Amino acid sequence: GAAVAGAAVAGARAIAAAIRDAPLPVVALSYALTDVTEFGRRVMSEAGFSYVTGGIEHGMTAVANVARWTASHAAALSGF
């Protein structure tokens, strides 16, 4: 009930605050690709999560693509 919801939001707020305060970029990954329930969406919204990827496989692929793009972009800017 309400106590579970309150505890879930409080925990998610603590995680969201740690992500916001981290000195480096953080990507929140879920372990498995599953539908996010209405309750889960509400908890994430109230906690301030901007996005949680759908499964660690897809999330790590996205992180690798960002790293590859960043390296290519830096090389292009430096003329190499």
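The structure this text deals with has already been given above.
A few points on the structure.

About the thresholds
Residues numbered from 1 in each chain as written. Predicted model: local features only at pLDDT ≥ 70, side-chain atom pairs only at ≥ 80, totals over all residues. Heavy atoms only, no water. Helix = DSSP H or I, 4+ residues; strand = E, 2+ residues; numbered from the N terminus. Rg over C-alpha atoms; globule rule 2.2 N^0.38 Å. Buried < 20%, exposed > 50% of the residue type's maximum accessible area, 1.4 Å probe, protein only. Contact = heavy atoms within 4.5 Å. Areas by Shrake-Rupley, 256 points an atom, 1.4 Å probe, with all protein chains shown as cover. Core = buried A, V, L, I, M, F, W, Y, C linked by side-chain atoms within 4.5 Å.

### Some words on the overall build of the protein
Part 1 of the argument: Counting its secondary structure elements, the protein contains 3 helices and 0 strands.
Part 2 of the argument: Along the protein, from the amino end to the carboxyl end, the secondary structure elements read α-α-α.
Part 3 of the argument: Rg of the C-alpha trace for the protein: 16 Å, well past the compact-globule value of 12 Å for 80 residues, more than 25% over.
Part 4 of the argument: The C-alpha extent of the protein, read off along each of the three principal axes, is 60 × 25 × 15 Å.
Part 5 of the argument: Evaluated residue by residue, the protein yields a buried proportion of 15% over its 80 residues.
Part 6 of the argument: Look at the contacts in the protein between residues 6 or more apart in sequence, and 70% of them connect residues 24 or more apart.
Part 7 of the argument: Of the roughly 6000 Å² that the protein leaves accessible, carbon and sulfur atoms contribute 67%.

### Details of the environment of Met-44
Part 1 of the argument: Relative to the helices and strands, Met-44 is located in helix H2 (residues 38-47).
Part 2 of the argument: Between the C-alpha atoms of Met-44 and Thr-70, which are 26 residues apart in sequence, the distance is 28 Å.

### Considerations on the nonpolar core
Part 1 of the argument: In terms of nonpolar packing, the biggest core is built from 7 residues, these being Val-9, Ala-12, Ala-16, Ala-28, Val-43, Ala-47 and Phe-49.
Part 2 of the argument: Per-element tally for this core: the top contributor is helix H1 (residues 2-21), with 3 residues.
Part 3 of the argument: In contact with Val-43, not counting residues within four places along its chain, are Ala-8, Val-9 and Ala-12.

By themselves, these observations are geometric and do not establish any function.
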